[in-house]
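Take a look at the letters that make up each chain.
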Amino acid sequence: MVRFNRISALSAALIFGVAVAALCAASPALGADKEQQTTLFVNLTSDDLWNCQMALGYAEKVHELGYPVVVFLNVRAVRLADKNLPQPRMALTGQTPREALTKLIETGITVYVCPSCAKQAGMTDESWMAGVKLGDPDMVAIQMHPMTKLMSY
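Report follows, based on the coordinates. Because the structure is predicted, anything quoted here is derived from the model rather than measured.

## Description of the nonpolar core
Here's step 1: Judged by nonpolar contacts, the single largest core of 34 residues is most densely connected at Leu-44, Val-69, Val-71, Leu-73 and Val-113.
Here's step 2: Those elements that provide at least two residues to this core are β1 (39-44), α2 (49-64), β2 (69-73), α3 (97-106), β3 (110-113) and α4 (115-120).
Here's step 3: Excluding its chain neighbours within four sequence positions, the residues that come into contact with Val-69 are Leu-40, Val-42, Ala-59, Val-62, His-63, Ile-109 and Thr-110.

Below, the structure written as structure tokens:
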């Protein structure tokens, strides 16, 4: 039987304190080195309202926690960035997906649109909403980075 005495309890408390301090130091909200931060890459393939609401809402919450976030609109989701298409409002927020995307962009989240999917959808550069970017090698580098976590809707 192992007995814990006062010194063992203090040692355990010290180890726990050091572990917590290390975790706090690595927190992105506390300014960790950008190369060491985990980035959330949200891959959105659908223009379904439930998918949009979940993906964009989750992206917003993760960004509020201090993590970098990238949203990639591809397949049918490219239609969300078409400023000429009417959109219904999402039930939980009352916003259209385009309004939610605009808010994300304004807070610093990068939103990319797949160029070939946009072409397939009949979109032109003039039909895109303000602030979205064309998917490019920089986006692929973010997606493939070892500190990136991918979430797909």
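## Quick look at the pattern of salt bridges
Here's step 1: Throughout the structure, instances matching the rule amount to five salt bridges.
Here's step 2: One salt bridge connects Lys-103 with Glu-60, and the closest N-O pair in it is separated by 2.8 Å. Here Glu-60 lies in helix α2 and Lys-103 lies in helix α3, a separation of 43 residues in the sequence.
Here's step 3: The exposure class of Lys-103 is partly exposed, given its relative accessible area of 36%.
Here's step 4: Three or more residues joined by partner-sharing salt bridges are found here, namely Asp-47, Arg-76 and Arg-79.

## Quick look at the pairing of β1
Here's step 1: Burial runs high along β1: six of the six residues are buried.
Here's step 2: Of the two faces of β1, the one holding Thr-39, Phe-41 and Asn-43 and the one holding Leu-40, Val-42 and Leu-44 are both buried throughout.
Here's step 3: Across five bridges, β1 lies against strand β5 (residues 148-152) in parallel orientation. Bridge pairing in β5 links Asn-43 to Ser-152.
Here's step 4: You can see the chain leave β1, run along α2 and come back into β2, and the turn it takes is right-handed.

## As for the pairing of β3
Working note: regular strand, side chains alternate between the two faces of the sheet.
Here's step 1: One ladder, built from four bridges, connects β2 with β3; its direction is parallel. Opposite Leu-73, over in β3, you have Val-113 as the bridge partner.
Here's step 2: Read as a crossover between parallel neighbours, the route from β2 over α3 to β3 is right-handed.
Here's step 3: Pairing between β3 and strand β4 (residues 133-134): two bridges, direction parallel. Looking at the pairing, Val-113 lines up with Leu-134 of β4.

## What about the sheet that holds β1?
Sheets are built from strands that pair by backbone hydrogen bonding, the pairs being arranged parallel or antiparallel.
Here's step 1: Strand order in this open sheet of five strands is β4-β3-β2-β1-β5, and the pairing throughout is parallel. Of all the strands in the sheet, just β4 and β5 have a single pairing partner and so form its edges.
Here's step 2: Strand direction decides the pairing type here: β1 and β2, joined by five bridges, are parallel. Paired with Leu-40 across the bridge in β2 is Val-69.
Here's step 3: Helix-sheet contacts for α2 involve β1, β2 and β5, and the interaxial angle to β1 is about 170 degrees.

Rules and cut-offs
Residues numbered from 1 in each chain as written. Predicted model: local features only at pLDDT ≥ 70, side-chain atom pairs only at ≥ 80, totals over all residues. Heavy atoms only, no water. Core = buried A, V, L, I, M, F, W, Y, C linked by side-chain atoms within 4.5 Å. Buried < 20%, exposed > 50% of the residue type's maximum accessible area, 1.4 Å probe, protein only. Helix = DSSP H or I, 4+ residues; strand = E, 2+ residues; numbered from the N terminus. Contact = heavy atoms within 4.5 Å. Salt bridge = Lys/Arg side-chain N within 4 Å of Asp/Glu carboxyl O. Pairing = 2+ DSSP bridges. Right-handed = clockwise from strand over helix to strand, strands pointing away. Axes fitted to C-alpha atoms, helices over the stretch in contact; angles between N-to-C directions.

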